[in-house]
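# Per-entry structural report
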Amino acid sequence: MPSASRHDHHVPGLGSSMPYIIKFTNCFLASPTSPTSTLTPQDLWIDVSTGLILDAQRAFYHAKQVPNEIIDLHGAILAPGFVELQVNGGVGFDFSVWPSGPNAEEEYKNGVERVSQELVRYGVTSYLPTIITQHPAHYHRALPRLGPNPLAPPGWGAEVLGAHCEGPFLQSRKNGCHDISLLRTLTPSSSDDDEPTVQDAMKSMEECYGQTNMHCIKLLTAAPELPGILTLIPHLVSRGITFSIGHTSASLSVAREAVRRGARMVTHLFNAMGVMHQRDPGVVGLLGDPISIHPPPLPSMKGAKPEPESQRNGEGEYEDKGIADGNEDRLFYGLITDSIHVSPSCITIAHRSHPTGTILTTDAMALLGLPDGTHSWTGASITKHGKKLTLTNVRGKDGEEVIAGSAVSMDECLRNFVGWTGCGVVKGIKTVTAHPARAIGVHDRKGSLEPGMEADLVVLSPWIEEDDGMGLGLEVLQTWRRGVKVFDREWEREEVGNGRVGVGSGIVVHGDGHGHGDSE
């Protein structure tokens, strides 16, 4: 039988009035809701017309529906699509750089689409385009083009969930590769005041990002020790913005206070923050602090969606859907698992200390997908050697090279993490699905294989553990968004000019005898 191909036939697309049901079979589900955290041999049904995962038993026994198409995955792993919270660009495009020339807006828009289409190759189905410290003018121009876009057609690639603003309200002593001359603080209205009022702080922040652009921001990284930041945290949270502690010299007591006021994440733990000291472990100390597991309730969020009724018990409390590994309102922390930013030993210590808060991020730069060498970047120069990126001929205060993001992909980060920590495939997959989805409040539709969730899926090759603890596998075979296949490794092997598949993937399609293609 033929392997899946995007060219085979027309399938009713998203929004069609006619259901089109696909059943994935002979696969192992990596479900974040699995109470045993083990791969489950089970079929999965989706409806292309709604772009949602179906309750197979209800569809078959109650609605009398049968699949229009059956896809045999031959023992592959089927997982939720990956959610990436920190990616700076890719394939030569940088979210922090506004194009020059008369068609700048169109070039920027096209650049975002190129990155979105590139990311699905690595299993990423939704993400936060990240802007590092820049002039206010850049935020004013770029943020309106990085707001949440849930209606974007699946063919555009990974869904943009909103922007991650990493800066400019960062500690100058922990600026990393951020331009120190562009860092800002929240300013009081009067020169006689040391601390800005809440009103002054919000006005100062809105002047930086643009008052009408605040709804485009999903995640904001700032140093809580800077004047006015702590008082502003609950007001940002009430607008639906996740506050993340990062690029900071904060003590543990300041970090705790930030969590009490609504901070729910730490940006790239261990990087650009104070080192752990036995008497004041700083932000890293949150790993062992009870407040990380049981933080106080978040401030009320204007316009926030209620939890789906199916996920609440009779007393209105959250039933453990979507993560199933402990307290739902916790502190999360990002880890860059590229083997360059953080030692594998530190990664393992962090995860074992606070496993339900781990989120993997790539911090990938525009050089992702580009050849090795020296590249220009925002007026500076970056040297790329494999996945390692450093500022060219620049040394930090300790004399070491200054890391400038990464060129690693999300699937490689996942493979590294599972191998280093020995956590198992399902727990590893939670760190790139359920955990990031909950951290930014999109867990009602992303990060799970539960019925009613969006059919954002990734098909992975089986994990084969080796004697040294590392392993082979978890390679991305296919990526689906809202029930539409947007990437297939087969497509990269097609023979030019005839549309035929060159090398078989072992994924066989039954039913109408054809594969599922893009529905446009």
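So, a few notes on the structure that sits alongside this text. (Residues numbered from 1 in each chain as written. Predicted model: local features only at pLDDT ≥ 70, side-chain atom pairs only at ≥ 80, totals over all residues. Heavy atoms only, no water.)

### Points about the overall build of the chain
What the chain contains, in helices and strands, is eleven helices and 28 strands. Once local pairs closer than 6 in sequence are excluded, the contacts in the chain between residues at least 24 apart make up 70%. (Helix = DSSP H or I, 4+ residues; strand = E, 2+ residues; numbered from the N terminus. Contact = heavy atoms within 4.5 Å.)

### Quick word on the nonpolar core
Counting 92 residues, the largest nonpolar core has Y127, Y209, I245 and L286 as the members making the most contacts within it. Apart from the residues lying within four places of it in its own chain, the contact partners of L286 are I245, L252, A255, R256, V259, V266, I291, S292 and L331. Residues V48, A455, L457 and W480 belong to the second largest nonpolar core, which totals 20 residues. (Core = buried A, V, L, I, M, F, W, Y, C linked by side-chain atoms within 4.5 Å. Buried < 20%, exposed > 50% of the residue type's maximum accessible area, 1.4 Å probe, protein only.)

### Quick word on the environment of D456
Note that D456 resides in the loop between α11 (434-439) and β23 (457-460). Overall, the relative accessible area of 4% leaves D456 in the buried class. In this structure, the C-alpha to C-alpha distance between D456 and I46, residues 410 residues apart in sequence, is 9.9 Å. Look past the residues within four positions of D456 in its chain and what remains in contact with it is A79, P80, G81, T125, K446, W480, R481 and R482.

### Side note on the pattern of salt bridges
Under the defined criterion, the tally for this structure stands at 22 salt bridges. Linking R415 and D411 is a salt bridge whose minimum nitrogen-to-oxygen distance equals 3.3 Å. Placement of both R415 and D411 in helix α9 (residues 410-421) is noted, with a separation of four residues, approximately one turn of the helix. For the pair R415 and D411, a shared accessibility class is recorded, and that class is buried. Put simply, E159, R445, K446, E454, D456, R481 and R482 are held in one network by salt bridges that share partners. (Salt bridge = Lys/Arg side-chain N within 4 Å of Asp/Glu carboxyl O.)

### Section: helix α5 (residues 229-237)
Each turn of an α-helix holds 3.6 residues, which means side chains three or four residues apart point in the same direction. The set of residues buried in α5 consists of I229, L230, L232, I233, L236 and V237. Seen from one end, α5 has its buried residues packed into an arc of 150°, which puts them on one side. Of the surrounding elements, those touching the buried residues of α5 are α4 (198-209), β14 (217-222), β15 (242-245) and α6 (252-260). (Arc of directions from axis to C-beta.)

### Digging into the environment of L449
Tracing the chain through its elements places L449 in the loop between α11 and β23. Each C-alpha atom of the pair L449 and I53 lies 7.0 Å from the other, and the pair is 396 residues apart in sequence. Contacts of L449, omitting those with residues within four sequence positions, involve L29, A30, S31, P32, L44, I53, L78, A79, P80 and L457.

### Observations regarding the side chain of E206
For E206, the location among the structural elements is in helix α4. At 2.9 Å, the side chain of E206 and the side chain of R239 are in polar contact. (Polar contact = N/O pair within 3.5 Å; in protein donor to acceptor, adjacent residues only side chain to side chain.)

### Concerning the packing of helix α8 (residues 344-353) against α9
At a minimum axis distance of 9 Å, the contact between α8 and α9 shows a crossing angle of 75°. Comparing their axes, α9 and α8 come out roughly perpendicular. Here P344, I347, T348, H351 and R352 of α8 come into contact with α9, specifically with F417, W420 and T421. (Axes fitted to C-alpha atoms, helices over the stretch in contact; angles between N-to-C directions. Parallel < 35°, antiparallel > 145°, perpendicular 65-115°, else oblique.)

### Comments concerning a nonpolar patch on the surface
A cluster of nonpolar side chains, F60, Y61 and V66, forms an exposed patch at the surface whose accessible area comes to about 320 Å². In this fold, V66 is placed in the loop between α1 (56-62) and β6 (69-72). (Patch = residues over 30% accessible without salt bridge, like charges linked within 9 Å, V, L, I, M, F, W, Y side chains within 5 Å. Areas by Shrake-Rupley, 256 points an atom, 1.4 Å probe, with all protein chains shown as cover.)

### Considerations on the side chain of D289
Looking at the element boundaries, D289 is found in the loop between β16 (265-266) and α7 (290-293). By relative accessible area, D289 is classed as buried at 10%. Residues contacting D289, with those up to four places away along its chain left out, are L252 and R256.

### With respect to the environment of K218
Here K218 is to be found in strand β14. Here K218 falls in the buried class, since its relative accessible area comes to 19%. Along the backbone, K218 and L85 are 133 residues apart, and their C-alpha atoms lie at a distance of 9.4 Å.

### Let's talk about α4
Spanning twelve residues, α4 covers 16 Å between terminal C-alpha atoms, matching the ideal 16 Å at 1.5 Å per step. Once α4 finishes, G210 follows within two positions and takes phi at roughly 100°, a positive value. (Expected span 1.5 Å × (residues − 1).)

### Looking at the sheet that holds strand β2 (residues 28-29)
Spatially, β3-β2-β7-β23-β26-β27 is the arrangement adopted by the six strands of the open sheet, whose pairing is mixed. Only two strands of the sheet have a single partner each, and these edge strands are β3 (40-41) and β27 (484-488). Where β23 lies against strand β26 (residues 476-481), four bridges are found, and the strand directions are antiparallel. When the sheet's bridge partners are listed, V458 is paired in β26 with T479. (Pairing = 2+ DSSP bridges.)

### Observations regarding the sheet that holds strand β22 (residues 401-406)
Pairing is antiparallel across the open sheet formed by four strands, whose spatial order is β19-β20-β21-β22. The two strands at the open ends of the sheet, each matched to only one other strand, are β19 (373-377) and β22. Taking the axes of each pair of neighbouring strands and ignoring which way they run, one obtains an average angle of 35° across the sheet. Where β19 and strand β20 (residues 380-385) come together, five bridges link them in antiparallel fashion. Directly across from W377, in β20, lies its bridge partner A380.

### What to know about the packing of aromatic side chains
The full count for this structure, using the stated rule, is eight aromatic pairs. Judged by centre distance (5.1 Å) and plane angle (90°), the ring pair of F24 and W480 falls under edge-to-face. One end of the pair, F24, is in strand β1 (residues 21-25); the other, W480, is in strand β26, and 456 residues separate them in sequence. Judged by its relative accessible area of 0%, F24 is buried. Relative accessible area serves as the criterion here: at 0%, W480 is assigned to the buried category. On the basis of an interplanar angle of 90° and a centroid distance of 5.0 Å, the ring pair of F60 and Y61 is categorised as edge-to-face. You can call F60 partly exposed: its relative accessible area is 39%. Residue classification places Y61 among the exposed positions, given a relative accessible area of 52%. Taking NZ or CZ as reference, K109 lies 5.8 Å from the ring centre of W156, over its face. (Phe/Tyr/Trp six-rings, centres within 6.5 Å; stacked < 30°, edge-to-face > 60°. Lys NZ or Arg CZ within 6 Å of the ring centre and 35° of its normal.)

Shape is all these values report; function is a separate question.
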